[in-house]
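Okay, here's what each chain looks like letter by letter:
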Amino acid sequence: MPKAALKAPPAVNSVVIDDSTDSDRRVNLVSLAPISEALGADKSPKEVLQLILKAAFSITRASSASLMLIEPEKNTLRVEVAEGFKSKRIFKTRLAVGQGVTGWVAETGVAHRIGNVLKDSRYIRVQQNLRSELAVPMKIGGRIIGVISVDSTRLNHFTAEDEALLSSLAAQSARVIQTTRLYEETRRRAEELHLLSEVSQGLCSTLDLREVLAQAVEQTAGVCRAEVVSVFLVNED
């Protein structure tokens, strides 16, 4: 099925504001470069999240890292992407907003740096050898959308500079995520309108109901990326 033409959003250029700190400049010029380029390369939302997490993992020299987004309807956090964990069970992690260190950051909007996780009662262990953690919120217009969390096997690994770097990355990445979401939503709506147009043309070009339904099923499966599509007709008898 031909796709509706849709321009990708312009790449978010790294801009250095006069009053920005050296940490902000490092994030702007180095860490966000591949993320900004991704917006002009038609990357999926998941691919953009992976680029953001790789940047967080790199600038903090972490042992592991995860990016969790808030599911508003459930008020929970879900791991979207992760790096450095031994088990894929990390992707099954669900936290209520307010639960654990990450949940506390999501609830308060305040970054939290822990030198020894065993001394923080809020900490929820996800891997045995982790000793320190840094978690920062991702905000859009004051609304918290998620949390970037990095871990280390070393005590007191993360510094105040790491916190500043990661906070800056999180702030700018939240805007990138918002742009990607808007673009993805626009793309999906364009595809849906294109589908409706093709189905309408099919209805006008043939009186064969089976042919029309077959076209509708095929095109719906393409737009929705579904493996199975069913059509049920009401029997009025």
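Everything quoted here is computed from the prediction, not taken from an experiment. (Residues numbered from 1 in each chain as written. Predicted model: local features only at pLDDT ≥ 70, side-chain atom pairs only at ≥ 80, totals over all residues. Heavy atoms only, no water.)

Regarding the confidence of the model for the protein chain
The predicted model of the protein chain has a mean per-residue pLDDT of 78, with 69% of residues at 70 or higher. pLDDT under 50 marks residues 1-21. Its contacts with residues more than four places away, or in other chains, come to 35 contacts. This model gives residues 23-29 a pLDDT under 50, and the stretch forms 23 contacts once residues within four places in sequence are excluded. (pLDDT = per-residue confidence, 0-100. Contact = heavy atoms within 4.5 Å.)

Quick word on the pairing of strand S1 (residues 64-71)
Of all eight residues in S1, eight are buried, a share of seventy percent or more. Here S1 shows a buried face lined by Ser-64, Ser-66, Met-68 and Ile-70 and a second buried face lined by Ala-65, Leu-67, Leu-69 and Glu-71. Here six bridges tie S1 to strand S6 (residues 143-152), and the two strands are oriented antiparallel to one another. Residue pairing for S6: Leu-69 is matched across the bridge by Gly-146. The pairing of S1 with strand S2 (residues 76-83) spans seven bridges and is antiparallel. Bridge pairing in S2 links Leu-67 to Val-81. With antiparallel pairing between neighbouring strands as the criterion, S1 and S2 make up a hairpin whose turn holds four residues, including Asn-75 at a positive phi of roughly 55°. (Buried < 20%, exposed > 50% of the residue type's maximum accessible area, 1.4 Å probe, protein only. Helix = DSSP H or I, 4+ residues; strand = E, 2+ residues; numbered from the N terminus. Pairing = 2+ DSSP bridges.)

Topic: helix H3 (residues 45-60)
Between its terminal C-alpha atoms H3 stretches 23 Å, which fits the 22 Å expected from 16 residues at 1.5 Å a residue. Following H3 by one or two positions, Arg-61 adopts a phi angle in the positive range, close to 55°. (Expected span 1.5 Å × (residues − 1).)

Here we look at the environment of Thr-220
If you trace the backbone, Thr-220 turns up in helix H6 (residues 209-224). For Thr-220, a relative accessible area of 26% puts it in the partly exposed group.

Describing the side chain of Glu-71
By secondary structure assignment, the location of Glu-71 is in strand S1. Classification of Glu-71 by relative accessible area gives buried; the value is 11%. Dropping the residues within four chain positions of it, Glu-71 is found in contact with Thr-76, Arg-78 and Arg-94.

Points about the packing of aromatic side chains
Counted according to the given criterion, the structure contains zero aromatic pairs. Over the ring of Trp-104 we find Arg-122; its NZ or CZ atom is 4.7 Å from the centre of that ring. (Phe/Tyr/Trp six-rings, centres within 6.5 Å; stacked < 30°, edge-to-face > 60°. Lys NZ or Arg CZ within 6 Å of the ring centre and 35° of its normal.)

Quick notes on empty space enclosed by the protein
Summed over the entire model, instances satisfying the criterion amount to two cavities of 30 Å³ or more. Looking at the largest cavity, its volume works out to about 180 Å³. In this structure, the largest cavity is lined by 16 residues; those nearest its centre are Leu-95, Thr-102, Ile-124, Val-126 and Glu-133. Among the secondary structure elements, those contributing two or more residues to the lining of the largest cavity are S1, helix H4 (100-108) and S6. Among the elements that make up the lining of the largest cavity, the one with the highest residue count is H4 (three residues). When its residues are assigned to classes, the lining of the largest cavity shows nine nonpolar, five polar and two charged. (1 Å grid on protein atoms, 1.4 Å probe; cavity = no way out; pocket = protein on both sides within 12 Å on 5 of 7 lines; lining within 4 Å. Points joined across faces, edges and corners; volume = space filled by probe spheres on them. Nonpolar A, V, L, I, M, F, W, Y, C, P; charged D, E, K, R; others polar.)

Topic: the pairing of strand S5 (residues 132-140)
Counting buried residues along S5, eight of its nine residues qualify, which places the element largely inside the surrounding structure. As defined by bridge partners, strand S4 (residues 112-114) adjoins S5 across three bridges and the pair is classed as antiparallel. Bridging across to S5, His-112 finds its partner in Ala-135. Alignment of S5 against S6, held across nine bridges, turns out to be antiparallel. Across the sheet, the residue bridging to Ala-135 is Ser-149, located in S6. Turn length for the S5-S6 hairpin, with the two strands adjacent in sequence and antiparallel, is two residues, and the turn residue Gly-141 shows positive phi of about 60°.

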